[in-house]
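Given next are the chains, with one letter for each unit.
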Amino acid sequence: MDFRRETWAHHAMAAVGGFFGVYALLARGGTFGSSETSNLIYLVVAGLDGTWGPALVRIGATACYTAGIVFAVLWRRYGRGLHLRVWAILMDFAACLLLARIPAETDPILSLYPMFFVTAVQWVAYTRAAGYNCATIFSTNNLRQFTEGMTEYICTRDSDQLRRVKFFGGTLACFHLGVAWGWWCTGQWGIPGIYGCLPLLVIPLPGVTARERAPLQ
């Protein structure tokens with residue numbers, strides 16, 4: 001894949017990741033539905049407290065997330081027809097439609113099961129671009145890469161470090177543009193505000209062709 005086209009698709013999907021992240025935090029009880037770190041911590045806490053109902057709900061969330069990863073890896077390796085990156089976009093689209101219809105009174109973790117699944121698929125599908133490993137569904141490592149690259153560039157004036165800074169800086173910028181748009185949509189419409197993500201899912205399509213193969217690592 002051409003690096004410019006690949007980078008376009010990756011940055012566009014980072015905007016989707018930012019939208020999903022802020023929607024989950026604002027509309028679903030402060031739960032981050034794109035990562036398992038906090039969910040696993042609370043799962044351990046629920047187990048230690050003996051609150052088995054919440055523990056089972058969080059086990060289900062973990063199962064959704066791991067199932068998304070398993071699906072993505074198997075499709076990337078054995079699937080035929082549509083490329084995994086196209087599948088990830090279609091699955092995100094379907095998840096938006098489903099999330100908009102889950103009532104606000106539903107348990108926040110349970111309500112985000114579709115997001116746990118599809119963001120895991122997105123993570124595998126859009127795990128690498130322009131020669132860099134880079135997630136589109138959360139920002140911590142991207143911030144580290146940007147900061148490390150900027151520091152190295154200031155010290156060495158190495159053009160490779162500048163390229164790294166531009167790539168990860170672009171990813172961070174797009175992610176947080178998605179956050180800003182998601183904040184506005186959620187503030188305006190609440191639970192149905194997830195529909196605001198649908199136009200974002202059109203943007204990466206020019207950077208993805210239907211039958212391309214994603215790298216296996």
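It should be noted that the structure appears before, not after, this text.
All of these numbers come straight from a predicted model, not from anything done at the bench.

### Details of the overall build of the protein
Scanning the protein for helices and strands turns up 8 helices and 2 strands. Listing every helix and strand of the protein by position from the N terminus yields α-α-α-α-α-α-β-β-α-α. A globule of 217 residues ought to have a C-alpha radius of gyration of about 17 Å, and the protein, at 18 Å, matches this closely. Taking all 217 residues of the protein together, the buried fraction comes to 49%. Within the protein, counting contacts between residues at least 6 apart in sequence, those at least 24 apart form 79% of the total. Carbon and sulfur atoms provide 68% of the accessible area of the protein, an area that totals close to 10600 Å². Taken as two groups, the 17 positive and 12 negative side-chain charges of the protein have centres that lie 8 Å from each other.

### Notes on the side chain of Ser111
Structurally, the position occupied by Ser111 is in helix α5 (residues 108–111). Residue classification places Ser111 among the buried positions, given a relative accessible area of 1%.

### Quick word on the pattern of salt bridges
Tallied over the entire structure, the rule returns 3 salt bridges. Salt-bridge contacts for Arg85 lead to Glu6; the nearest nitrogen and oxygen are separated by 3.9 Å. Placement of the pair is Arg85 in helix α4 (residues 84–99) and Glu6 in helix α1 (residues 3–27), with a sequence separation of 79 residues. Judged on exposure class, the residue Arg85 and its partner Glu6 are both buried.

### Points about the nonpolar core
Counting residues in hydrophobic clusters, the biggest one holds 43 residues, and the most contacted among them are Phe20, Tyr23, Phe116, Tyr126 and Ile194. Of all the secondary-structure elements, those providing two or more residues to this core are α1, α3 (52–78), α4 and α6 (113–125). Apart from residues lying up to four places away in sequence, Phe20 is in contact with Ser34, Asp92, Cys96, Met115, Val118, Thr119, Ile194 and Cys197.

### Brief notes about α4
The terminal C-alpha atoms of α4 lie 22 Å apart, and with 16 residues this matches the ideal 22 Å at 1.5 Å per residue to within 8%. Within the span of α4, buried status applies to Leu84, Arg85, Val86, Ala88, Ile89, Met91, Asp92, Ala95, Cys96 and Leu99. On its buried face, α4 is in contact with α1, α3, α5, α6 and β1 (128–129).

### Points about the packing of α1 against α6
Axis separation between α1 and α6 bottoms out at 12 Å; the angle between their running directions is 155 degrees. Judged on the interaxial angle alone, α6 and α1 are roughly antiparallel. As α1 packs across α6, the resulting crossing turns out to be left-handed. Contacts from Met13, Val16, Gly17, Phe20, Tyr23 and Ala24 of α1 reach α6 at Met115, Val118, Thr119 and Gln122. Class assignment for the residues of the contact of α1 with α6 results in 7 nonpolar, 3 polar and no charged.

### Quick word on helix α8 (residues 159–189)
Over its 31 residues, α8 runs 45 Å from end to end, which matches the ideal 45 Å to within 8%, given 1.5 Å per residue. Its side-chain oxygen 2.9 Å from the backbone nitrogen of Asp160, Asp158 forms the N-cap of α8. Residue Gly190 follows α8 closely and has a positive phi angle near 65 degrees.

### Re the packing of aromatic side chains
Scanning all chains against the criterion turns up 10 aromatic pairs. Note on Trp75 and Trp87: the rings are 5.5 Å apart at their centroids and 75 degrees apart in plane angle, and the pair reads as edge-to-face. Of the two residues, Trp75 is situated in helix α3 and Trp87 in helix α4; the sequence distance between them amounts to 12 residues. Geometrically, the ring pair formed by Tyr132 and Phe168 is edge-to-face, given 5.4 Å between the ring centres and 70 degrees between the ring planes. Taken together, the residues Tyr132 in strand β2 (residues 132–133) and Phe168 in helix α8 connect sequence positions 36 residues apart. Per residue, the accessibility class of Tyr132 equals that of Phe168, and both read buried. Through a chain of ring-to-ring contacts, three or more aromatic side chains come together here, namely Phe71, Trp75, Trp87 and Phe117.

Procedures and definitions
- Residue numbers restart at each chain and count upward from 1, following the sequence in its written direction.
- Local features in this predicted model are restricted to residues whose pLDDT is 70 or higher, and side-chain atom pairs enter the listing and the counts only when it is 80 or higher, whereas totals over whole chains, interfaces and linings include all residues.
- The side-chain quantities take in all heavy atoms of the structure and omit both hydrogens and water.
- The helix count covers DSSP runs of H or I at least four residues long, the strand count covers runs of E at least two residues long, and both are numbered beginning at the N terminus.
- Note that the radius of gyration is over C-alpha atoms, with the globule rule given as 2.2 Å times the number of residues to the power 0.38.
- Summary of the burial criterion: residues with accessible area below 20% of their type's maximum are buried, those above 50% are exposed, and those between are partly exposed, where the area comes from a 1.4 Å probe applied to protein chains only.
- We call two residues contacting when some pair of their heavy atoms lies within 4.5 Å.
- With residues, only the protein chains shown are counted as cover, and all accessible areas are computed by Shrake-Rupley using a 1.4 Å probe.
- We treat Lys and Arg as the positive residues and Asp and Glu as the negative residues; His and chain ends play no part in the count.
- Working definition for charges: the position is that of NZ of Lys, CZ of Arg, CG of Asp or CD of Glu.
- A pairing counts as a salt bridge when a side-chain nitrogen of Lys or Arg comes within 4 Å of a carboxyl oxygen of Asp or Glu.
- Here the nonpolar core consists of buried residues drawn from Ala, Val, Leu, Ile, Met, Phe, Trp, Tyr and Cys, with membership extended through side-chain atoms lying within 4.5 Å.
- One less than the number of residues in a helix, times 1.5 Å, gives the span that helix is expected to have.
- Fitting a line to C-alpha atoms yields each axis, with helices limited to the stretch in contact; the angle taken between N-to-C directions then spans 0 to 180 degrees.
- Working rule for angles: under 35 degrees goes down as roughly parallel, over 145 as roughly antiparallel, 65 to 115 as roughly perpendicular, anything else as oblique.
- With the far helix as reference, a near helix turned anticlockwise by less than a right angle produces a left-handed crossing, and one turned clockwise produces a right-handed crossing.
- Lys, Arg, Asp and Glu make up the charged group, whereas Ala, Val, Leu, Ile, Met, Phe, Trp, Tyr, Cys and Pro make up the nonpolar group; the residues left over, Gly among them, are polar.
- N or O atoms closer than or at 3.5 Å make up a polar contact, with two conditions inside protein: a donor-capable atom paired with an acceptor-capable one, and, for residues adjacent in sequence, both atoms drawn from side chains.
- Put simply, two rings from Phe, Tyr or Trp (the six-membered ring, in Trp's case) pair if the centres are within 6.5 Å, and we call them stacked under 30 degrees between planes, edge-to-face over 60, tilted for the rest.

Without other data, these values stay purely geometric and don't point to any function.
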